[in-house]
Amino acid sequence: MDVKTRAEHATEPAGDGAIKPPIQLAPDAEPTGPLGLSPSPRRYALSPINKRRWRNFKTNRRGYWSLWVFLALFFITLLAEFIANDKPLYIHDRSKSYFPVFFTYPETTFGGDFETATDYRDPYLQKLIADKGGTVIWPPIRYSYDTHNLDLPTPAPSKPTWLLTEKECQSVVERKGLKGCSDLEYNWLGTDDEGRDVLTRMIYGFRVSVLFGLILTIVSSVIGVAAGAVQGYFGGWTDLLFQRFIEIWTSVPELYLLLIISSVLVPGFFVLLGILLLFSWVRLVGLVRAEFLRGRNFEYIQAARALGVSNAVIMFRHLLPNAMVATLTFLPFIMSSSVMTLTALDFLGFGLPPGSPSLGELLNQGKNNLQAPWLGISAFCVLAVMLTLLIFIGEAVRDAFDPRKIRNGK
């Protein structure tokens, strides 16, 4: 049987000897496949080796579930303003809707006397809204990280509300016209020495620590990988001079430099991040340099050079993927080290500004207030859980990129 292509059918002679014109498609018609079906769009798919790596990662159940637990905790803390805040989520007053979490309203908006920002915890303002039949929806915890509880039943640091006795709550209960301790606004993990809710400061402190460690790890890794790539690829005097510079730079006492800069600049999140970035980028330089020194003499790299491929393309398209295999296994451990560095600086008083939500500052308060064990225990538990999850994730990543397991197909 003679099978003709569609092009041959389109140009075969007609009955009178004329050639049929080719079939014209409408301008908006989509191309079709051999069976008249439109081709499926291109989708990103993992390569076979990355599929095996992901399978090896999932095989380590401890690291796999640690990743999901860590992501869940981090996602919850990203929504900290909707979980713990001294501003309501929503207010309906006089047929109008207000969202104090997103916008700042003056007190006169709700019938107050001043044009200043509204203090939604003020009983007078709450009574004004209630008398007009308004509706107020609060977060689960009615404290922000800097909210001072002025109605503590015991002197600060006050123990958790659920541990208080009716005798300890009596003065506050009578002053506010309540029935008992159960009607108070709960401080589930007590307060610190300034009357701030410990649970709220832990939620915000977890977010600050993770974001700080994540940003420092990513930026320092990018700089370190780039520096190691230049050293390893070009070698010679470039490598020699860079190595001598790194030796001199790493000999500078980091803590002393931090003290000097802190005395000149006001310590803050980005100031502290920049200071630590000055020294943290050297962690991956040696590893990436060794990978590039080994890989620059491979035959396919020599062939690329002979074909005139630029150095930048060879470095970042052909050599870098091989170097990143060893680099990625270190990232979770670098991040845990960054978190511990921030915690240590906050504990010593050289970290974030006073009043910032910090796990290190909570540990320092626990040291200074041994009669309030909930301060030190709470911060220690959060740090222990965070670092344990990161270590488990790092072990799973190391197993996933283990070349022996990938080569054996395990």
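Refer to the structure printed above.
About the thresholds
- Residues numbered from 1 in each chain as written.
- Predicted model: local features only at pLDDT ≥ 70, side-chain atom pairs only at ≥ 80, totals over all residues.
- Heavy atoms only, no water.
- Helix = DSSP H or I, 4+ residues; strand = E, 2+ residues; numbered from the N terminus.
- Buried < 20%, exposed > 50% of the residue type's maximum accessible area, 1.4 Å probe, protein only.
- Contact = heavy atoms within 4.5 Å.
- Areas by Shrake-Rupley, 256 points an atom, 1.4 Å probe, with all protein chains shown as cover.
- Phe/Tyr/Trp six-rings, centres within 6.5 Å; stacked < 30°, edge-to-face > 60°.
- Core = buried A, V, L, I, M, F, W, Y, C linked by side-chain atoms within 4.5 Å.
- Expected span 1.5 Å × (residues − 1).
- Arc of directions from axis to C-beta.
- Pairing = 2+ DSSP bridges.
- Polar contact = N/O pair within 3.5 Å; in protein donor to acceptor, adjacent residues only side chain to side chain.

Undergrad: For this particular structure, what's the right way to read the overall build of the protein chain?
TA: Within the protein chain, the secondary structure is distributed over 17 helices and three strands. Relative to its 410 residues, the protein chain shows a buried fraction of 38%. Considering only contacts in the protein chain between residues 6 or more positions apart, those separated by 24 or more positions represent 66%. For the protein chain, the accessible area works out to roughly 23900 Å², and carbon and sulfur atoms hold 64% of it.

Undergrad: Just to check I follow, could you spell out the packing of aromatic side chains for this structure?
TA: What characterises a pair of aromatic rings is the spacing of the ring centres plus the angle enclosed by the ring planes. Scanning the entire structure with this criterion turns up 21 aromatic pairs. Summarising the aromatic geometry, the rings of Phe 110 and Tyr 120 are spaced 5.9 Å apart at their centres and angled 70 degrees between planes, so their arrangement reads as edge-to-face. Separated by ten residues along the polypeptide, Phe 110 in the loop between strand 2 (96-98) and helix 5 (123-131) and Tyr 120 in the loop between strand 2 and helix 5 bring together distant segments of the chain. Consider the rings of Phe 269 and Phe 270, whose centres lie 5.2 Å apart with planes at 75 degrees: the pair is edge-to-face. Assessed through its relative accessible area of 66%, Phe 270 is described here as exposed. One aromatic cluster is present, formed by Trp 54, Phe 57, Tyr 64, Trp 65 and Trp 68 through successive ring pairs.

Undergrad: Mind showing me how you'd approach the nonpolar core here?
TA: Nonpolar side chains in soluble globular proteins tend to be buried together. In terms of nonpolar packing, the biggest core is built from 27 residues, with Phe 70, Val 210 and Met 386 touching the most fellow members. Those elements that provide at least two residues to this core are helix 3 (61-78), helix 7 (198-234), helix 14 (331-348), helix 15 (359-368) and helix 16 (373-400). For this core, the element with the most residues is helix 16, which contributes 13 residues. Core analysis: the next-biggest nonpolar cluster, separate from the first, contains 14 residues, Leu 284, Ile 301, Ala 304 and Leu 320 among them.

Undergrad: What's the story with helix 2 (residues 48-59) in this structure? I'm lost.
TA: Side chains that are three or four residues apart share a direction in an α-helix, a result of its 3.6 residues per turn. Here helix 2 is twelve residues long and its end C-alpha atoms lie 16 Å apart, about the 16 Å a rise of 1.5 Å per residue gives. Where helix 2 is concerned, the buried positions are Arg 53, Asn 56 and Phe 57. Within helix 2, the buried residues cover an arc of 100 degrees as seen down the axis, which keeps them to one side. Relative to its buried face, helix 2 has exposed residues pointing more than 90 degrees away, namely Pro 48 and Thr 59.

Undergrad: For this particular structure, what's the right way to read the pairing of strand 1 (residues 90-93)?
TA: Within a regular strand, side chains alternate between the sheet's two faces. The alternating pattern of strand 1 places Ile 91 and Asp 93 on a buried face and Tyr 90 and His 92 on a face that is not buried. In the sheet, strand 1 pairs with strand 3 (residues 135-137) via three bridges, with the strands oriented antiparallel. Across the sheet, His 92 pairs through a bridge with Thr 135, a residue of strand 3. Summarising the sheet, strand 1 and strand 2 pair through three bridges and their orientation is antiparallel.

Undergrad: Looking at this structure, I do not really get the side chain of Thr 77. What am I missing?
TA: Its location among the elements puts Thr 77 in helix 3. In this view, Thr 77 contacts Ile 203, Phe 206 and Arg 207; residues no more than four positions away in its chain are not counted.

Undergrad: Looking at this model, I keep getting lost on the side chain of Ser 158. Mind explaining?
TA: With respect to the helices and strands, the residue Ser 158 is situated in the loop between strand 3 and helix 6 (166-176). Polar side-chain contacts of Ser 158 include one of 2.8 Å to the side chain of Thr 154. Not counting residues within four places of it along the chain, the set of residues in contact with Ser 158 comprises Leu 152, Pro 153, Gly 190, Thr 191 and Trp 374.

Undergrad: Please clarify how unusual backbone geometry should be interpreted in this entry.
TA: Trans peptide bonds make up the majority, and among non-glycine residues the majority have a negative phi. Of note, the amide linkage connecting Ala 156 to Pro 157 takes the cis form, showing an omega dihedral of 0 degrees. With a phi close to 50 degrees, Arg 94 is a non-glycine residue in the positive phi region. Position of Arg 94 among the secondary structure elements: in the loop between strand 1 and strand 2. A positive phi angle is found at Ser 95, which is not glycine, with a value near 65 degrees. Structurally, Ser 95 is set in the loop between strand 1 and strand 2.

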